[in-house]
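Descriptive structure summary
This is what each chain is made of:
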Amino acid sequence: MASIVVISLMMMMVLGNGAWVVEGAERAFFVFGDSLVDNGNNNYLATSARADSPPYGIDYPTHRPTGRFSNGLNIPDIISEKLGAEPPLPYLSPELQGEKLLVGANFASAGVGVLNDTGIQFVNIIRIGQQLEYFAEYQKRVGALIGSEKAKQVVEEALVLITLGGNDFVNNYYLVPFSVRSRQYTLPDYVSYVISEYKNVLAKLHSLGARRVIVTGTGPLGCVPAELAQRSRDGNCADELQQAAVLFNPQLVEMLNGLNSEIGSHVFVAANTNQMHLDFITDPQAFGFVTSKVACCGQGPYNGIGLCTPLSNLCPNRDEYAFWDPFHPTEKANRIIVEQILTGTTDYMHPMNLSTILIMDSKAK
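In short, a report on the structure. In this text, all values refer to a predicted model and were calculated from it rather than measured experimentally.

**Quick word on the sheet that holds strand β10 (residues 349-350)**
With respect to topology, six strands assemble into an open sheet ordered β4-β3-β5-β6-β7-β10, the strand pairing being mixed. Bordering the open sheet on either side are β4 (104-106) and β10, each of which pairs with just one other strand. Inspection of the sheet shows strand β5 (residues 159-163) paired to strand β6 (residues 213-216) by four bridges, in the parallel sense. Counterpart to I162 in the pairing with β6 is V215. Relative to the sheet, helix α7 (residues 187-207) contacts β3 (29-33), β5, β6 and β7 (268-271), its axis offset from that of β5 by approximately 160°.

In structure tokens:
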């Protein structure tokens, strides 16, 4: 695999702005999932899961909040940047019309999980079933624009990113002591249940035409500032949440391998975001961070309590922090993650990284 990666890099062109471009690789980009990849859908909903007020967006090009749970760009934005493309608009944006539809769409919504009861405290969010319904609706809209056959081609040639799972633990199983789900399932049984439901989601996504899907695992759930503040006595990662990530991520890869075998193609690619995060959590200085425990924006221990608001503590240099708010990485940390998605070894991307996918798909045209 290492030799394939090297060949891939040699065949790609790096532009001055750091974008990686493959000839003939223009393709739509679709995003599904939660707050790690939401770029503004929740701005259009009556929900408490929002990032539409300062200091969110402080390092975005406009220096204004956009609905991204970041100080600047999030993972889909950076992937689009690396591909030399504009990022897809939120599906609920009124600007998503005409030619903009051909860029793709972001269906993600902060607070959602694999399960429908995850995130109920946020009230109005676009649960994953609804995101898939919007995807079907999107295809009809594109069909009306360029014809159903070309619309089908746009979807089948597209790159898809889906990020789910973390909220099923943080905002469901472990949300409160003795939660409904924790009384209903032991942790291993709950993980198996979430994985089985996730398989149904991904099978539906494939039935809707998705053919190249990057599926991220959860990060190290017990290491985020919010969990350190609530559950850690000594600054070490919270064991319960860590155990959930340790159980979930390998089973996710196993499930993806099984789906690919059933389909007979490498449709689903696993991104080991757990290890990507652990790299800079265990050795933040190696990546230029001062800390991976304290959030840049927040209050209380580790700045991990409550929301990031205009009244929160705010660090002057976001590049020194791995976490922007109690749950979400800074733009700099997101860039490290995307670099591994693009060029990482099989320790990070299974069975191949994004640069290899781009080369393979360009050759197949």
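**Topic: the pattern of salt bridges**
Scanning the entire structure with this criterion turns up 13 salt bridges. Of the charged contacts in the structure, one is a salt bridge between D59 and R318, with a shortest N-O distance of 2.8 Å. Separated by 259 residues along the polypeptide, D59 in the loop between β3 and α2 (75-82) and R318 in the loop between β9 (313-314) and α11 (331-343) bring together distant segments of the chain. Overall, the relative accessible area of 13% leaves R318 in the buried class. Between E81 and R335 there is a salt bridge, with its nearest N and O atoms 2.8 Å apart. A residue pair is termed long-range when its members are at least 10 positions apart, and E81 in helix α2 and R335 in helix α11 qualify at 254 residues.

**Side note on the state of the cysteines**
This structure, assessed with the given rule, holds three disulfides. The partner cysteine of C223 in its disulfide is C237, sulfur to sulfur 2.0 Å. Its S-S torsion of about 110° marks the bond between C223 and C237 as right-handed, since a negative value means left-handed. Residue C223 is located in the loop between β6 and α8 (225-231), and its partner C237 is located in the loop between α8 and α9 (239-263); the two are separated by 14 residues in the primary sequence. Of note for the chain: the bonded cysteines, numbered N- to C-terminal, pair according to 1-2, 3-6, 4-5.

**Considering the environment of E331**
The residue E331 is located in helix α11 in this model. Judged by relative accessible area, E331 falls into the buried class, the value being 15%. Linking E331 and F69, residues 262 residues apart in sequence, is a C-alpha distance of 9.8 Å.

**Overview of unusual backbone geometry**
Across the chain, the bulk of peptide bonds are trans and the bulk of non-glycine residues have phi less than zero. In this structure, the amide linkage connecting P54 to the following residue, P55, adopts the cis form with an omega of 5°. Turning to its location among the elements, P55 is positioned in the loop between β3 and α2. Look at the link from H350 to P351: it is a cis peptide, with omega at 5°. Structurally, P351 can be placed in the loop between β10 and α12 (354-364). A positive phi angle, near 65°, is found at V123, a position not held by glycine. Structurally, V123 is set in the loop between β4 and α3 (128-146). The phi torsion at F178 lies on the positive side, around 55°, for a residue other than glycine.

**Thoughts on the pairing of β3**
Among the five residues that make up β3, five are buried, leaving the element largely enclosed by the rest of the structure. On β3, burial covers both faces: F29, V31 and G33 on one face and F30 and F32 on the other are all buried. Two elements, β3 and β4, share three bridges in a ladder whose sense is parallel. Bridge assignment links V31 to a residue of β4, and that residue is N106. Note on the crossover from β3 through α2 to β4: the handedness is right-handed.

Analysis parameters
- Residues numbered from 1 in each chain as written.
- Predicted model: local features only at pLDDT ≥ 70, side-chain atom pairs only at ≥ 80, totals over all residues.
- Heavy atoms only, no water.
- Pairing = 2+ DSSP bridges.
- Helix = DSSP H or I, 4+ residues; strand = E, 2+ residues; numbered from the N terminus.
- Contact = heavy atoms within 4.5 Å.
- Axes fitted to C-alpha atoms, helices over the stretch in contact; angles between N-to-C directions.
- Salt bridge = Lys/Arg side-chain N within 4 Å of Asp/Glu carboxyl O.
- Buried < 20%, exposed > 50% of the residue type's maximum accessible area, 1.4 Å probe, protein only.
- Disulfide = S-S within 2.5 Å.
- Right-handed = clockwise from strand over helix to strand, strands pointing away.

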